[in-house]
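So the chains spell out like this:
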Amino acid sequence: MSENAKLTRGSIPGHLVSQTLPMIIGVAAMMSIGLVDAYFIGQLGPEQLAAVSFIFPIGTALGSLGVGVMVGINSVVARALGEGDDAKAERRANFGVMFAVVCGLALGLLLFALIDPLFRLMNADDALMPYIRTYMGPYALGLPLLLANMGMNGVLRGQGEARKTSYVSITYALANWILDPILITGAFGFEGLGILGAAYASIIGWAIGMGVAVFLIRRTFIRLNPMVLRNCSLVDPAVSIMRVAGPAAFSNAINPIGLSILTALVAIEGQAAVAGFGAAGRLQSFAVVPLLGLSGAIGGIVGQNWGAKQYGRARQAALYASLFCIGWGLAIAVILFAAGEWFADFFTTDPAVIEQFARYLTIAAWGYAGFGLLIVGNGALNAVDKSGYALVQSAARVFLVMLPIAWLLRGAWGADAIYAAELAANLFGGALAALVVWQVLRRRQEDEGA
């Protein structure tokens, strides 16, 4: 194994803590952007807040595709280091960053062309479409910057550089915190651009984050230098990354795709339901930050040990991570269940929106532990080149449980059916992921006699 595969040595619980804590800080910073956006956009009016509720799942889906690319790069770099091949890790890292930028260009152009039909399909009404177009146009054209950030974060994660990854996220978040009040509502004599300002804040933040990522990678042993690909075949890094990134991207995108469909169903219940559902979804994203951080950290730990054929250590990491998911998920559910209306007051003063916000948390929060098991399990499967399994269980959660329950119960339960469908899907997905990960890791350990 490579001397740079530092996660193959030392305490597994220690690595989980050291890799997850910076990830939590970074993910919290990223998630705070959505809350800050919602706060300042909410001051513009209920229509703008409802428009952002339609935009949120689409942005999440696009970000999830980028996360898939990042996971693919993370996986192949970590396993190459575990195998002891530093040159292979460097080739795969450079190809991965180039691949991420190309994906960003393709996604941005496609989104720009499909803004109207996409949001019409989600039942966005005529009053909201001008706000949606205003935001999504520049946002779509800025996607290459976001994907470049994702690609470079994958390079850092694969090396076990969780702290450096968090620096990139914090820088991006800080830029948004500063720019949102200035560009959205106005400050220091500047009138503000309304919802367009939120899009510009994101784009500028991506550009700054990309610059920080380039600087930090230069302080690792892997060089960002496309010339290392000049005299080698691109087939190996392309196939290796796509074998993980393709299924991982779709696996990560399935949940927000399901969320988009749920938003369309909630829209039938009225703007108050959409606004409450969307705002509560942003709070939920922040509440599960430790689970998201852990899902990002588990890949480097499992991947490096898997590449080094230390299968027992990989399995131990998955077990400890699963126990944390259950404990944190149940604890945060109790808090959100008890204080739903109090949290809602931060987003709006509309009684109807507050009611829907609190109702969502009362029902859906009890599934967060299952959601954690699912995303951490997917992280472990992607790390060991079993991303197809992760895709199947994510698809089953949404298309076999979430959407059928929402559709069948909506007529009788109204918006509550949507919230109950999310709860059932998370419980099912968590149980399935725990079973699949345990079987995959145990089977290889038994086969190798580890």
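Residues numbered from 1 in each chain as written. Predicted model: local features only at pLDDT ≥ 70, side-chain atom pairs only at ≥ 80, totals over all residues. Heavy atoms only, no water.

**A closer look at the packing of helix α6 (residues 143–158) against helix α8 (residues 195–217)**
Consideration 1: For the pair α6 and α8, the least separation of the axes is 9 Å and the interaxial angle reads 30 degrees. As summarised for this structure, α6 and α8 are arranged roughly parallel, according to the angle between their axes. Crossing angle aside, the handedness with which α6 passes α8 is left-handed. Packed against α6, whose contacting residues are Leu143, Leu145, Leu146, Ala148, Asn149, Met152, Val155 and Leu156, the element α8 presents Ile203, Trp206, Ala207, Gly209, Met210, Ala213, Val214 and Ile217 at the interface.
Consideration 2: Its residues assigned to classes, the contact of α6 with α8 shows 14 nonpolar, two polar and no charged. (Axes fitted to C-alpha atoms, helices over the stretch in contact; angles between N-to-C directions. Helix = DSSP H or I, 4+ residues; strand = E, 2+ residues; numbered from the N terminus. Parallel < 35°, antiparallel > 145°, perpendicular 65-115°, else oblique. Left-handed = near helix turned anticlockwise from the far one by under 90°. Contact = heavy atoms within 4.5 Å. Nonpolar A, V, L, I, M, F, W, Y, C, P; charged D, E, K, R; others polar.)

**Notes on the layout of surface pockets**
Consideration 1: In this structure, the largest pocket spans a volume of roughly 460 Å³.
Consideration 2: The wall of the largest pocket is formed by 18 residues, among which Ile58, Ala61, Leu62, Leu118 and Ile257 lie closest to the centre.
Consideration 3: Contributions of two or more residues to the lining of the largest pocket are made by α2 (46–83), α3 (86–113), α4 (115–121) and α9 (235–267).
Consideration 4: Counting residues per element, the lining of the largest pocket draws most heavily on α9, at six residues.
Consideration 5: A class-by-class count of the residues in the lining of the largest pocket yields 17 nonpolar, one polar and no charged. (1 Å grid on protein atoms, 1.4 Å probe; cavity = no way out; pocket = protein on both sides within 12 Å on 5 of 7 lines; lining within 4 Å. Points joined across faces, edges and corners; volume = space filled by probe spheres on them.)

**Structural notes on the side chain of Asn74**
Consideration 1: Structurally, the position occupied by Asn74 is in helix α2.
Consideration 2: A distance of 3.4 Å separates a polar atom in the side chain of Asn74 from the backbone nitrogen of Gly158.
Consideration 3: Leave out the neighbours within four places in its chain, and Asn74 touches Gly154, Arg157, Gly158, Gly296, Gly299 and Gly300. (Polar contact = N/O pair within 3.5 Å; in protein donor to acceptor, adjacent residues only side chain to side chain.)

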